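# Residue-level structure breakdown
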Amino acid sequence: MNTIQNKVVEFEDLGIKEYQPAWDYQEKLMKDIIDLKIKNRDLPTEQHSTTPNHFLLVEHPHVYTLGKSGHEENMLAGIDKLKEIDATFVKVNRGGDITYHGYGQIVGYPVLDLENFFTDIHKYMRNLEEVIIRTIAEYGLKGERSEGETGVWLDVGKPYARKICAMGVKASRWVTLHGFALNVNTDMRYFEYIIPCGIKDKQVTSLKRELERDLTPEEMEDIKAKIRKHFVDVFEAELKFK
């Protein structure tokens, strides 16, 4: 555990950004933190530098990503169909199966040194879920956890259970990568080309579908603000804007 815990998290809104450059940026942030941790290891405690934390929000153009434990057969669209729907396909090093990212979806990437908070990946995942549960509660939706399945769900245990927020993370030396994807104004037709997260018998949904209306650009910004607020509360962090 770090001698000095740094709970300041640098926040950055990347706007609309292609998936690969955003992933490369996350990996660079992660590498910088790990390099500093390795350097600290060889120094006396009083000479240790505090490690930074980051929290990125982004919207991606249409892309399907497959986690390292995922199954390619859950991608139902071939190359021609991907071209037709203007989507790309990327294999990634997170946990989880296949998921979709696209316009109208708020994607969050916390790149945290968990030694600044707590060294427990299970708790980290539950905390991320809690941030989203609190956020959508402000829109009258009761988000829940589904036993054995990550993410945030509605009407768990009922035939019409549906996922509103997918999650997949990777951690190395207690530094996190990847994160969550909350469907807001997402075009849900794009989920028809995959078996989301490899789960055949469950549906996906969005704030737009649940509220039966489009959310305005101003409301999208408001949702981001709510996510930031609940992130600070749940992680007992302090946010610093880049």
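The rules we used
- Residues numbered from 1 in each chain as written.
- Predicted model: local features only at pLDDT ≥ 70, side-chain atom pairs only at ≥ 80, totals over all residues.
- Heavy atoms only, no water.
- Helix = DSSP H or I, 4+ residues; strand = E, 2+ residues; numbered from the N terminus.
- Contact = heavy atoms within 4.5 Å.
- Areas by Shrake-Rupley, 256 points an atom, 1.4 Å probe, with all protein chains shown as cover.
- Phe/Tyr/Trp six-rings, centres within 6.5 Å; stacked < 30°, edge-to-face > 60°.
- Lys NZ or Arg CZ within 6 Å of the ring centre and 35° of its normal.
- Pairing = 2+ DSSP bridges.
- Axes fitted to C-alpha atoms, helices over the stretch in contact; angles between N-to-C directions.
- Parallel < 35°, antiparallel > 145°, perpendicular 65-115°, else oblique.
- Left-handed = near helix turned anticlockwise from the far one by under 90°.
- Nonpolar A, V, L, I, M, F, W, Y, C, P; charged D, E, K, R; others polar.
- Expected span 1.5 Å × (residues − 1).
- Polar contact = N/O pair within 3.5 Å; in protein donor to acceptor, adjacent residues only side chain to side chain.
- Buried < 20%, exposed > 50% of the residue type's maximum accessible area, 1.4 Å probe, protein only.
- UniProt positions renumbered as here; feature names shortened; annotations may be inferred.

### So, the overall build of the protein chain
Tallying secondary structure elements over the protein chain gives five helices and 12 strands in all. With respect to the principal axes defined by its C-alpha atoms, the protein chain has extents near 55 × 40 × 35 Å. Long-range contacts, defined as pairs at least 24 residues apart, comprise 75% of the intrachain contacts of the protein chain with a sequence gap of at least 6. Surface accessibility of the protein chain: about 11,500 Å² in total, with carbon and sulfur atoms responsible for 50%.

### So, the packing of aromatic side chains
Counted under the stated rule, the structure contains 12 aromatic pairs. Cluster of aromatic residues (ring-pair linked, three or more members): Phe-11, Phe-55, Phe-117, Phe-118, Tyr-124, Phe-180, Phe-231, Phe-235 and Phe-241. Sitting above the plane of the Phe-118 ring, Lys-123 keeps its charged end 4.4 Å from the centroid. In this structure, Arg-228 is placed above the aromatic ring of Phe-11, and the distance from its NZ or CZ to the ring centre is 4.9 Å.

### Structural notes on the sheet that holds strand β3 (residues 63–66)
One open sheet holds the three strands; their spatial order is β4-β3-β5, and the pairing between them is mixed. Each of the sheet's edge strands pairs with one partner strand only, and the pair in question is β4 (88–91) and β5 (98–101). Adjacent strand axes in the sheet meet at a mean angle of 25°, parallel and antiparallel pairs treated alike. Most of the contacts of helix α1 (residues 19–41) go to β4, to which it runs at about 25°, and overall it touches β3, β4 and β5.

### Some remarks on the packing of helix α3 (residues 121–137) against helix α5 (residues 217–235)
The contact between α3 and α5 brings their axes to 9 Å, and the two run at 135°. Between α3 and α5, the interaxial angle falls into the category oblique. Handedness of the α3/α5 crossing: right-handed. Taken together, the residues of α5 that come into contact with α3 (itself represented by Tyr-124, Asn-127, Leu-128, Glu-130, Val-131, Arg-134 and Thr-135) are Ile-223, Lys-226, Ile-227, His-230, Phe-231, Asp-233, Val-234 and Phe-235. A class-by-class count of the residues in the contact of α3 with α5 yields eight nonpolar, three polar and four charged.

### What about α3?
Under the 1.5 Å per step criterion, the end-to-end length of α3 is 24 Å for 17 residues, consistent within 8% with the ideal 24 Å. Measuring from the backbone nitrogen of His-122 back to the side-chain oxygen at the start of α3 gives 3.0 Å, which picks out Asp-120 as the cap.

### Focus: unusual backbone geometry
Located in the positive-phi region is His-178, a residue other than glycine, with phi close to 65°. Within the element layout of this structure, His-178 appears in strand β10 (residues 175–183). Using a relative accessible area of 2% as the deciding quantity, one classes His-178 as buried. In this model, Glu-236 sits at a positive phi of 50°, which is unusual for a non-glycine residue. Here Glu-236 is to be found in the loop between α5 and β12 (238–241).

### As for the side chain of Thr-176
Mapped onto the fold, Thr-176 is located in strand β10. Owing to a relative accessible area of 1%, Thr-176 belongs among the buried residues under this scheme. Within the structure, the side chain of Thr-176 is placed 2.8 Å from the backbone oxygen of Pro-110, a separation counted as a polar contact. One polar contact links the side chain of Thr-176 to the main-chain amide nitrogen of Leu-112, over a distance of 2.9 Å. Not counting the four nearest positions on each side in its chain, Thr-176 is found in contact with Met-30, Pro-110, Val-111, Leu-112, Leu-114, Tyr-124, Lys-170 and Ala-171.

### A closer look at the UniProt feature "site: Lowers pKa of active site Cys" (unreviewed entry) in the protein chain
Summarizing the sequence annotation, UniProt attributes the feature "site: Lowers pKa of active site Cys" (unreviewed entry) to Lys-163 in the numbering used throughout. Structurally, Lys-163 is set in strand β9 (residues 162–172). Classification of Lys-163 as buried rests on a relative accessible area of 6%.

### Some remarks on α5
The terminal C-alpha atoms of α5 lie 27 Å apart, and with 19 residues this matches the ideal 27 Å at 1.5 Å per residue to within 8%. When α5 is considered as a whole, its buried residues turn out to be Glu-219, Met-220, Ile-223, Lys-224, Lys-226, Ile-227, Arg-228, His-230, Phe-231, Val-234 and Phe-235. Glu-236, located one to two residues past α5, shows a positive phi value of around 50°.

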